Amino acid sequence: ARHLASPVARVAHTHRGMDSRCVNRVTTGAALGATVGGAVGACYGTYEAFAYKLPGALKVRHIGRATIGSSALFGLFLGAGSLLQCGRR
């Protein structure tokens, strides 16, 4: 039997029939999506906060909310896309 290094890969392999390469692809896709989404969300949230002339504490709150929301959404979709691509092989 093959040795799977991480516990996440081992669980995914035994319960879902996926190999560690596929799990690594999905994890990398989700992390990359979250990183890009966070950067885009921070830029857009900052622009929007200044465009709507929000007061000090609300600016920080708005930027944080836009960053986290965009990061989660991009990460989810890029991870799901990676999973779909992995299933085709």
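One structure accompanies this document, and this report is about it.

Criteria and thresholds
- Residues numbered from 1 in each chain as written.
- Predicted model: local features only at pLDDT ≥ 70, side-chain atom pairs only at ≥ 80, totals over all residues.
- Heavy atoms only, no water.
- Helix = DSSP H or I, 4+ residues; strand = E, 2+ residues; numbered from the N terminus.
- Buried < 20%, exposed > 50% of the residue type's maximum accessible area, 1.4 Å probe, protein only.
- Contact = heavy atoms within 4.5 Å.
- Disulfide = S-S within 2.5 Å.
- Expected span 1.5 Å × (residues − 1).
- Polar contact = N/O pair within 3.5 Å; in protein donor to acceptor, adjacent residues only side chain to side chain.
- Patch = residues over 30% accessible without salt bridge, like charges linked within 9 Å, V, L, I, M, F, W, Y side chains within 5 Å.
- Areas by Shrake-Rupley, 256 points an atom, 1.4 Å probe, with all protein chains shown as cover.
- Salt bridge = Lys/Arg side-chain N within 4 Å of Asp/Glu carboxyl O.

### Examining the environment of glycine 45
Argument step 1. Note that glycine 45 resides in helix α2 (residues 20–51).
Argument step 2. Relative accessible area serves as the criterion here: at 0%, glycine 45 is assigned to the buried category.
Argument step 3. Separated by 17 residues in sequence, glycine 45 and histidine 62 place their C-alpha atoms 6.4 Å apart.
Argument step 4. For glycine 45, the residues in contact, after removing those within four places along its chain, are His62, Ile63 and Ala66.

### Here we look at the state of the cysteines
Covalently bonding the sulfur atom of one cysteine to the sulfur atom of another cysteine gives a disulfide.
Argument step 1. Summed over all chains, the structure comprises one disulfide.
Argument step 2. A disulfide bridge connects cysteine 22 with cysteine 86, and the sulfur atoms are separated by 2.0 Å. Separated by 64 residues along the polypeptide, cysteine 22 in helix α2 and cysteine 86 in helix α3 (residues 56–87) bring together distant segments of the chain.
Argument step 3. Of the residues examined, cysteine 86 reaches a relative accessible area of 14% and is grouped as buried.

### So, α2
Argument step 1. The end-to-end C-alpha distance of α2, which contains 32 residues, comes to 46 Å, matching closely the 46 Å that a straight helix rising 1.5 Å per residue would cover.
Argument step 2. Positive backbone phi, approximately 50°, marks lysine 53, located one or two places after α2.

### Considerations on the environment of serine 82
Argument step 1. Within the secondary structure, serine 82 sits in helix α3.
Argument step 2. Expressed as a C-alpha distance, the spacing of serine 82 and threonine 28, which sit 54 residues apart in the sequence, is 8.7 Å.
Argument step 3. Each residue touching serine 82, except ones within four places of it in the same chain, is listed here: Arg25, Val26 and Gly29.

### Regarding the environment of threonine 28
Argument step 1. With respect to the helices, strands and loops of the structure, threonine 28 is situated in helix α2.
Argument step 2. Taking C-alpha positions, threonine 28 is 9.6 Å from glycine 75, a pair spaced 47 residues apart along the chain.
Argument step 3. A distance of 2.7 Å separates a polar side-chain atom of threonine 28 from the backbone oxygen of asparagine 24.

### A word on a nonpolar patch on the surface
Argument step 1. Where nonpolar side chains cluster on the molecular surface, the patch consists of Val36, Val40, Leu73, Phe74, Leu76 and Phe77 and spans about 570 Å² of accessible area.
Argument step 2. Those elements that place two or more of their residues in the nonpolar patch are α2 and α3.
Argument step 3. In terms of residue count, the dominant contributor to the nonpolar patch is α3 (four residues).
Argument step 4. Summarising the element assignment, leucine 76 is placed in helix α3.

Purely spatial values, then, with no claim about function.
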